[in-house]
Amino acid sequence: QVKLVESGGGLVQAGGSLRLSCAASGTIFSIDAMGWYRQAPGKQRELVASIGIGGTTNYANSVRGRFTISRDNAENTVYLQMHSLKAEDTAVYYCNAAIVRWLLDPPLDYWGQGTQVTVSS
């Protein structure tokens, strides 16, 4: 069994900062890509940022330059540092990870339960 647990969401004023964390636990052989998605009310879930096992990163245009994704492979944890937050960043943020549970198994997608980020203008 694998679980992703997010933390760090909350309410912040526009221009402020937040740091999200997501820790994977359970039977894990390795973790390939990890990422953060978000879903605002009435909108589809969208990719915010992703990071490969070697550290290659990818960002949505709307957050590039303001958000930084990083990971700690030893702790099976991914972070999202968010600066210069805007009202349009308000959403539920979900952690995602492609996890290999056993040697020679293919990676499977796992999701966290989501953490609310609310930016007041």
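Refer to the structure presented above.
So, how was this worked out
- Residues numbered from 1 in each chain as written.
- Predicted model: local features only at pLDDT ≥ 70, side-chain atom pairs only at ≥ 80, totals over all residues.
- Heavy atoms only, no water.
- Helix = DSSP H or I, 4+ residues; strand = E, 2+ residues; numbered from the N terminus.
- Buried < 20%, exposed > 50% of the residue type's maximum accessible area, 1.4 Å probe, protein only.
- Contact = heavy atoms within 4.5 Å.
- Polar contact = N/O pair within 3.5 Å; in protein donor to acceptor, adjacent residues only side chain to side chain.
- Core = buried A, V, L, I, M, F, W, Y, C linked by side-chain atoms within 4.5 Å.
- Disulfide = S-S within 2.5 Å.

Caption draft 1: Representation of the environment of Q39 in the model. Tracing the backbone through its elements, the reader meets Q39 in strand β4 (residues 30-39). For Q39, a relative accessible area of 28% gives the class partly exposed. Once the C-alpha coordinates of Q39 and T57 are considered, the two residues, 18 residues apart in sequence, prove to be 20 Å apart. If we ignore the near neighbours within four places in the chain, the residues touching Q39 are Q44, R45, A91, V92 and Y94. A polar atom in the side chain of Q39 sits 3.1 Å from the backbone oxygen of K43.

Caption draft 2: Spatial organisation of the nonpolar core. Within the largest apolar cluster, 31 residues are counted, with the highest numbers of intra-cluster contacts made by W36, L80, M82 and Y93. The greatest single-element share of this core, amounting to 5 residues, is contributed by strand β9 (residues 91-100). Aside from chain neighbours lying at most four places away, what touches Y93 is E6, L20, W36, Y37, R38, V48, F67, L80, M82, G114, T115 and V117.

Caption draft 3: Spotlight on the side chain of R71. Looking at the element boundaries, R71 is found in strand β7 (residues 67-72). Of the polar contacts made by the side chain of R71, one reaches the backbone oxygen of I31; its length is 3.0 Å. The contact partners of R71, leaving out residues within four places of it in the chain, are I31, D32, A33, M34, I51, G52, I53, T77 and V78.

Caption draft 4: The state of the cysteines, seen in detail. If you walk through the whole model with that rule in mind, you get 1 disulfide. Disulfide pairing places C22 opposite C95 at an S-S distance of 2.1 Å. Judged by the sign of its S-S torsion, about -80°, the bond between C22 and C95 is left-handed. Of this pair, C22 sits in strand β3 (residues 18-26) while C95 sits in strand β9, placing them 73 residues apart in sequence.

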